[in-house]
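# Summary of the model geometry
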Amino acid sequence: MTDIDVAIAGGGPVGLCLALLLARKGVTVHVFEAAPALSEDLRASTFHPPTLDMLDQIGITKVLVEQGLICPHWQVRMHPSGDRAVFDLSVLQDETAHPYRLQCEQWKLSNALLDALSAETNATVHFAAQVEEVTQDADGVTLKVSGPDGRREVRARLGVGADGARSIVRAAMGVSLEGETFPETTILATTTFPFEAHLEGLSNVSYCWKEGGNFSLLRVPGRWRVSIYPREDLSVEAQLEPDAIERALQEIVPKDAPYDVRECRPYRIHQRIVPNYVQGRLALAGDAAHLNSPAGGMGLNGGLHDAFELSDTLTDILDGGPLDLLDRYDRRRRPVAADQILAQAGQNRARMRTKDPEKRREIMEDLQAVTRDPARLKAHLMRSSMLDGLKQAEAVT
């Protein structure tokens, strides 16, 4: 006997998106989130064109566009000279209904998904519900869940781990994230200072080289998100001090008054992936399955692409298809994560950490040559906007 069709551990945007997709296909789905409410922490903020196309199918893109900033181009930039390579996303207009990036905080997506789920009678989201143990047998999966009202067991026909880097479901599957964690710690700070008024031709997404280091500027409504890449001669603790944050921002645009810094947090950069997304009746999606550098904004998008693929697969199984259809999900999504998402994110990170002036000049000249060649520009953007990855997945049977 099973209580529900699908149990999802993790109520972040990937888990909520998967739940909404399943619910609208008539699947009974419950989401178990350990936190007491949705988080508004500093996390992802970039949505790529195909992700916007997908979310448009469930009425979410319009909500995000109303709360975000359209980014028609992005750039790699020399600072302070302003020399830059600008990548115009309009060349993708024949490939997508949304030929731009959208800059919108991740929590706004979670809120929109939760609002939509509240109207689905066959979907339930449980907050303050910690999944402590997951087991499976030939007929279903069992989750032991603890919360304010005590501990209980939930039986489902299928289970999904969308529970992030410390996934309980992944541990139950006996697999681990394989790869590396880079030694540096990056600092993300937000400020209301209008960089766009002081740096000529700045895009809403700009990756910048400076003398001896680099930084990135990503604009969201009302503020800029500044990724400050670490100095090697200072500890992480020292670089998190307000004076150190202030010095880093003053290096970008010097000004007399202090910067208005609203939020600040450190984060480590990972390049890790599991050897298999599925085992029996369990599957992984999003950060539970793969972690990558945020350079290029592919992590959240890749997790949402997992959710759309997995929703189709789970529905096919629940409609009477064989359980080994989950292997197709693995064959479609894991190579894309490894060959496209992790590989590109790693290349983007390595490019921006280049410090040799001559090498930087060579890279910049090549990037500028790409932007002047329509064929090369489109090919570059097809890959960096994740359209190629989806085509690669669709070709897998």
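Residues numbered from 1 in each chain as written. Predicted model: local features only at pLDDT ≥ 70, side-chain atom pairs only at ≥ 80, totals over all residues. Heavy atoms only, no water.

Below, the discussion takes up helix H9 (residues 325-352). Over its 28 residues, H9 runs 40 Å from end to end, which matches the ideal 40 Å to within 8%, given 1.5 Å per residue. If you look at H9, its biggest bend is around 40°, right at Ala-337. (Helix = DSSP H or I, 4+ residues; strand = E, 2+ residues; numbered from the N terminus. Expected span 1.5 Å × (residues − 1). Bend = angle between axes of the 7 residues up to and from the residue.)

Looking now at the layout of surface pockets. Within this model, the second largest pocket holds a volume of roughly 340 Å³. As for the second largest pocket, its lining consists of 15 residues, and the residues nearest its centre are Met-54, Gln-57, Phe-308, Leu-390 and Glu-394. Looking at the lining of the second largest pocket, the elements with two or more residues in it are helix H2 (49-56), helix H8 (299-318) and helix H12 (387-394). Ranked by residues supplied to the lining of the second largest pocket, first place goes to H12 with five residues. (1 Å grid on protein atoms, 1.4 Å probe; cavity = no way out; pocket = protein on both sides within 12 Å on 5 of 7 lines; lining within 4 Å. Points joined across faces, edges and corners; volume = space filled by probe spheres on them.)

This paragraph deals with the packing of H2 against H8. One can describe the packing of H2 onto H8 by two numbers: an axis separation of 10 Å at closest approach and a directional angle of 40°. Considered as vectors, H2 and H8 are oriented oblique to each other. The interaxial crossing formed by H2 with H8 has left-handed handedness. Residues Pro-50, Thr-51, Met-54 and Leu-55 of H2 lie in contact with H8, whose contacting residues are Asn-301, Leu-304, His-305 and Phe-308. The residue makeup of the contact of H2 with H8, split by class, is five nonpolar, three polar and no charged. (Axes fitted to C-alpha atoms, helices over the stretch in contact; angles between N-to-C directions. Parallel < 35°, antiparallel > 145°, perpendicular 65-115°, else oblique. Left-handed = near helix turned anticlockwise from the far one by under 90°. Contact = heavy atoms within 4.5 Å. Nonpolar A, V, L, I, M, F, W, Y, C, P; charged D, E, K, R; others polar.)

Let's shift gears to the state of the cysteines. By definition, a disulfide is the covalent link that joins the sulfur atoms of two cysteine residues. Summed over the entire model, instances satisfying the criterion amount to zero disulfides. Cysteine Cys-208 remains unbridged, with the sulfur of Cys-71 as its closest cysteine sulfur at 12 Å. The cysteine Cys-264 is free of any disulfide, with Cys-208 supplying the nearest cysteine sulfur at 18 Å. (Disulfide = S-S within 2.5 Å.)

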